[in-house]
Amino acid sequence: MNTVSEPVEMLEIALTVNGVARSATVPVRKLLSDFIREDLQLTGTHVGCEHGVCGACTILVDGDPVRSCIMLAVQADGRELTTVEGITPEEGLNPLQQAFKDHHGLQCGFCTPGFLMTITGVDPDEYPDEQSIREMLSGNLCRCTGYQNIVTAVKAAWGRPIE
Amino acid sequence: MTDLRLAGRPVYFGARVARVEDDRLLTGQSTYVADVRLPGMVDVAIVRSVFAHAKVSVNVDLARAVDGVLDVVRAADLQDVSEYPDFITYMQPVKGFPLARDKVRYVGSPIAAVVAEDRYVAEDAAEAVEVDYDELPVVTTAGSALAEDAPKLFDHWPDNRIVNLPLELDDVEDVFRGRRVVRGRYSTHRHSGVPMETRGCVAEYRDGRLTLWTSAQSPHIVRTTLSYVLPIAERDIRVVAPDVGGGFGVKTHIYPEEVLVSWLAIRLGRPVRWIEDRAEHLVASNHAREHTLEMEAAVDDDGTIRAVRCHLLHDVGSGEIFMPGICPSFVAGSHVAGAYRIPLAENSYTQYVTNKTPSGAYRGFGAPEAYFAVEQLVEKVAREVGVNAIDLRRRMLLRDEDLPYTTATGGIIDSGSFQESFERALELGREAEARRREEHEGETNVRIGFGIATYLEGTAPTYFGTTGHWTSHDSATIRIEPDGSAVVSVGVTTTGQGTTTMAAVLTADALGLPLERVRVEIGDTDSCPYGLGGWGSRSTVTGGGAILKAAATIREKVLRIAAHRLEVDEADLVIEEGNVHVVGSADRAITMGEIGTAAWVRTLDLPPGVDPGLEAVATYDPPLLQHVADERGRMNGAAAWANATHAAIVKVDVDTGVVEILDYVVVHDCGPMVNPPILEGQVQGGVAQEIGGTLYEHMAYTEDGQPLATTFMDYLIPSATEIPEIVIEHFESPSPNMPLGLKGAGEGGCLGPPATLANAVVDALREFDVEITALPITPAVIRDKIRSPRRVDA
């Protein structure tokens, strides 16, 4: 971790993104979401509000879901990041992605990576029923689906019965 | 008419086929406009008005001097840009222009554009643009905008009325005279589509051609409009709508930034990008739905409505938007008789400008507002006359024997399940109500309410009412390649509705091809034939019609080539599974690849007199659609009419005023379903959106025109915890006038919630004798109603 005594415009950071070590010199004011999208060109992470409400930019930082639009790139120094590209297998879809496809859990797809990352970052045992699943999802906004099919996709991916 | 049908037995049509677009969207491989990356690309930030009404003068010298800034432009710099055309003859001319020329009329109005090496620098420099505001008096309500001495927004208009269409019909007056009249005044508030992807555009000018990638619903209309306002020929413009993250009507308009970014790319010779941020979106993308319907019903002693009269007041904000935002009122007007046998209707329109963000298109486009009024007025008639509202609806709803039926406002209804869908939704709703009443029995602060609303949805409408220019057709091109695979290019577009899958399914089944051998081109004016895009529940109906028509031409040629090669009669051939074979003899076959090869490569294999090639372009214009109203304001403005009934059970906490939706039922009928999961997703999404509009979302303003909802902390989009499970059942009444009987469905879901939930809340609070005359129904409103029930909302 860099320690700074004088204000500087640029800082060097080193981090792991989707299992690959990366380093870069970035403006200290650059948002993590912009760093991921513009510098790393991982455009699967979307920006929907830039004020931490909609959840479209959700990624995993050291395994936990985080809104990358209200975190600075320099704050990711030394951390391990996972984006939607990082959970996607070489071929095809992972089980959660497949469940979204099977149950029509997406329409325009813009919010989808954020949902996938939130769900990937939580422990299913902490969300035993539909109400708690809906609460887990409530930090991610979707304007297309009405959420019902997303809830169904989560249940399917977690091996729960679908009525 | 060409034979608009499938090749044979449907394989994919009507089946639960997985969407062809999903894999890219699920893996981060999609390309939304913000993902378009071009070498040397620079970013734009827009300077926007912070006052609602002011004369402005702008100094950009300081901004130009900021390190990394390439250009800063004001209206005066746009010398070769033309005003947007004002096509609509009965509307005051707005003379729209991309940047404010001397005056701003709403907070968020674009004043200057800053181009810099990146968005961070552009925003720094935007701060350095000096705008002198000379403030003017502000109007934000009907009262202030329509007052005799109201300050005018447009100096060249007589007053603030953008549309003023009074109507008095003698036969309606005759029906009203001597009958009981029931009146209601119903207001819906300002809210909007607010897609999760904001707007944005990227432009590049290279080799004399402009390419604009834009998050838009109608790329061809963007192209044509750019050719009207920029000094560049339409042939030299390419517009691409890449993956679009929701539209809901918001992205049908052609916004100032699309013109500015294109103009800047031409001027600078570098690719230029502008991506709207959310704070901008909430003031700079269109708002909607701020309607008041003053309704009167002339009723018989048993409550049967014999005529309705409606004065529609519409706050269109500043009106500075292209396409104009006035047409939702006419769509609302077209629904004032509901799904009922009400013989006569009379609509008058007063649309006015205010110092607020321009209003425009939002899913449902006036119809949710209309049903909020109509479906509450019916209940009010029943209460005042003393009959049961359910029985009253049963008496008035359209019956099978009425069809085809022309509504009081000119809609031609050729099919539907009005009585059946109503009865089924009623049954499901009553079951749920009984269950919920039992569950909550004895909870002293809880009241349970049942609400129902039934409606028609006009689908695939004319665009002439909105644009005064474009009408209604769409197009498709289908090409069979030498290997027997197919490419279908469509003029309709997708913002997430699954239109790509619809196009693939119809093409595959109309040509007897496996789905995976069809590729869909969509959203690119260079590769797609001219179409009006995706809006108004039109893509399946109009785009589907064009696909079926093109496929019919292809089938004809395929059969001719196959008959020649197999030396049989065309009538003895069947097309299926990528082959053409003789009926009852699957081994006497020729593959689609052999036919494609004969058409394009080995043309010596073609029958004598048959030209090479296997490609067809077709346009489809729905047959019954009318574009202009008659002298009574009547027209059949929609190609096909779907119908549905919604029922909801709500729980109202009389201490807190919180409304919780316990059950929501939709019984829906849009004719045959191309893809049931996609249709159900459309219904669920539409219901969810207008639950938001009914209970939570509000673009509120202060008296001096300052917007109060500028973040997602203030503009409350419902999350997974606010939206209940939505139970959907279907009827499928095909339209005899549409290809395959299809009707549209994209908007339908959002027509029901305002009326359904209002009726449910009124029912829950019946001991307090309340009326819900305005939206949104917030906890504060409910608490206030309980305290003073009979007050009519402003």
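These numbers come from a predicted model, not from an experiment.

A. Quick peek at the overall build of chain B. From N to C terminus, chain B includes 19 helices and 28 strands. For 794 residues, the compact-globule formula gives about 28 Å, and the C-alpha radius of gyration of chain B, at 27 Å, lands near that figure. Principal-axis analysis of the C-alpha atoms gives chain B an extent of 85 × 70 × 55 Å. When burial is assessed residue by residue, chain B has 60% of its 794 residues classed as buried.

B. Molecular detail of the overall build of chain A. A count of helices and strands for chain A gives 6 helices and 5 strands. The order of helices and strands in chain A, counted from the N terminus, is β-β-α-β-β-β-α-α-α-α-α. For 163 residues, the compact-globule estimate of 2.2 N^0.38 gives 15 Å, and chain A sits close to it at 17 Å. By principal-axis analysis of the C-alpha atoms, chain A measures approximately 60 × 30 × 30 Å. Residues counted as buried form 55% of the 163 residues belonging to chain A. Taking as baseline every contact in chain A between residues at least 6 positions apart, the subset at least 24 positions apart corresponds to 57%.

C. Up close: the pairing of strand β11 (residues 237-240) of chain B. Residue and element names in this part refer to chain B. Two strands pair when backbone bridges link them, and strand β10 (residues 209-214) and β11 are joined in this way by 4 bridges, in the parallel orientation. From the neighbouring strand, threonine 211 faces β11, where its bridge partner is arginine 238. Traced from β10 through helix α6 (residues 219-229) to β11, the parallel crossover comes out right-handed.

D. Representation of helix α3 (residues 119-127) of chain B within the structure. Residues and elements named next belong to chain B. Among all positions of α3, only Arg119, Val121, Ala122, Ala125 and Ala126 are buried. Take α3 and look down its axis: the buried residues cluster within an arc of 160 degrees, on one side only. On its buried face, α3 is in contact with β1 (42-48), α2 (61-64), β3 (69-74) and β5 (110-116).

E. Representation of the domain arrangement of chain A. Residues and elements named next belong to chain A. Split into domains, chain A comes out as domain 1 (10-87) and domain 2 (95-157). With 16 residues of domain 1 in contact, the opposing surface of domain 2 contributes 12 residues. Elements that contribute at least two residues to the side of domain 1 that touches domain 2 include exactly β3 (58-61), β4 (64-67) and α2 (84-87). Here the residues of the side of domain 1 that touches domain 2 sort into 8 nonpolar, 7 polar and 1 charged.

F. Broad picture of the interface of chain A and chain B. Each partner contributes to the interface: chain A provides 43 residues, whereas chain B provides 42 residues. Elements that contribute at least two residues to the side of chain A that touches chain B include exactly α2, α3 (95-102), α4 (112-120), α5 (130-137) and α6 (148-157) of chain A. Per-element tally for the side of chain A that touches chain B: the top contributor is α3 of chain A, with 4 residues. Looking at the side of chain A that touches chain B residue by residue, the classes come out as 19 nonpolar, 16 polar and 8 charged.

G. Fine view of the sheet that holds strand β24 (residues 585-591) of chain B. All names here are of chain B. Ordered by their spatial adjacency, 3 strands build an open sheet running β22-β23-β24, and the pairing between neighbours is antiparallel. Because the sheet does not close on itself, it has two edges, and the strands there are β22 (573-576) and β24. In this sheet, adjacent strand axes meet at a mean angle of 35 degrees when their direction is disregarded. In the sheet, β22 pairs with strand β23 (residues 579-582) via 4 bridges, with the strands oriented antiparallel. Residue pairing across strands places leucine 573 opposite valine 582, the latter belonging to β23. In the packing of helix α16 (residues 592-600) onto the sheet, contacts are made with β23 and β24, and the angle to β24 comes to roughly 35 degrees.

H. Looking closely at α6 of chain B. Residues and elements named next belong to chain B. Of all 11 residues in α6, 8 are buried, a share of seventy percent or more. Of the residues making up α6, those classed as buried are Pro219, His220, Ile221, Val222, Arg223, Thr225, Leu226 and Val229. For α6, the secondary structure elements touched by its buried residues are β10, β11 and α7 (256-268).

I. Main features of the domain arrangement of chain B. All names here are of chain B. For chain B, the assigned domains read domain 1 (22-30 + 473-620), domain 2 (33-136 + 198-244 + 250-284) and domain 3 (291-464 + 625-787). Centre-to-centre, using C-alpha coordinates, domain 2 lies 36 Å away from domain 3. Counting residues at the interface gives 20 residues for domain 2 and 24 residues for domain 3. The class makeup of the residues in the side of domain 2 that touches domain 3 is 12 nonpolar, 6 polar and 2 charged.

J. Focus on the packing of helix α17 (residues 676-695) of chain B against helix α18 (residues 753-764) of chain B. All names here are of chain B. With their axes 9 Å apart at the nearest point, α17 and α18 run at an angle of 55 degrees to one another. For the element pair α17 / α18, the angle class is oblique. The way α17 lies across α18 gives a crossing that is right-handed. Along its contact with α17, which presents Val687, Glu690, Ile691, Gly693, Thr694 and Leu695, the element α18 presents Pro753, Pro754 and Leu757. Class assignment for the residues of the contact of α17 with α18 results in 6 nonpolar, 2 polar and 1 charged.

K. Focus on the environment of arginine 161 of chain B. All names here are of chain B. Along the chain, the position of arginine 161 falls in strand β7 (residues 161-165). The partly exposed category is assigned to arginine 161, around which 17 C-beta atoms lie within 10 Å. For arginine 161, the residues in contact, after removing those within four places along its chain, are Thr350, Gln351 and Tyr352.

L. Highlighting the sheet that holds strand β6 (residues 130-135) of chain B. Residues and elements named next belong to chain B. If you walk across this open sheet you meet the 3 strands as β4-β2-β6, and the pairing is antiparallel. Only two strands of the sheet have a single neighbouring strand rather than two, namely β4 (103-104) and β6. Here strand β2 (residues 54-59) pairs with β4 via 2 bridges, running antiparallel. Bridge pairing in β4 places lysine 55 opposite lysine 103.

M. Highlighting the confidence of the model for chain B. Looking at chain B as a whole, its pLDDT mean stands at 97, while 99% of the residues score no less than 70. Taken together, the chains of this predicted complex give a pTM of 0.97 and an interface ipTM of 0.97.

N. The arrangement of the environment of glutamate 767 of chain B in detail. Residue and element names in this part refer to chain B. With respect to the helices, strands and loops of the structure, glutamate 767 is situated in the loop between α18 and α19 (779-787). The class for glutamate 767 is exposed, based on 10 C-beta atoms found within 10 Å. Residues glutamate 767 and arginine 447 lie 320 residues apart in sequence; the distance between their C-alpha atoms is 9.7 Å.

Rules used in this analysis
- Residues numbered from 1 in each chain as written.
- Chains lettered and ligands numbered in written order.
- Predicted model: local features only at pLDDT ≥ 70, side-chain atom pairs only at ≥ 80, totals over all residues.
- Helix = DSSP H or I, 4+ residues; strand = E, 2+ residues; numbered from the N terminus.
- Rg over C-alpha atoms; globule rule 2.2 N^0.38 Å.
- Buried ≥ 20, exposed ≤ 12 C-beta atoms within 10 Å, placed from the backbone.
- Contact = placed C-beta atoms within 7 Å.
- Pairing = 2+ DSSP bridges.
- Right-handed = clockwise from strand over helix to strand, strands pointing away.
- Arc of directions from axis to C-beta.
- Domains from an automatic or database assignment.
- Nonpolar A, V, L, I, M, F, W, Y, C, P; charged D, E, K, R; others polar.
- Axes fitted to C-alpha atoms, helices over the stretch in contact; angles between N-to-C directions.
- Parallel < 35°, antiparallel > 145°, perpendicular 65-115°, else oblique.
- Left-handed = near helix turned anticlockwise from the far one by under 90°.
- pLDDT = per-residue confidence, 0-100.

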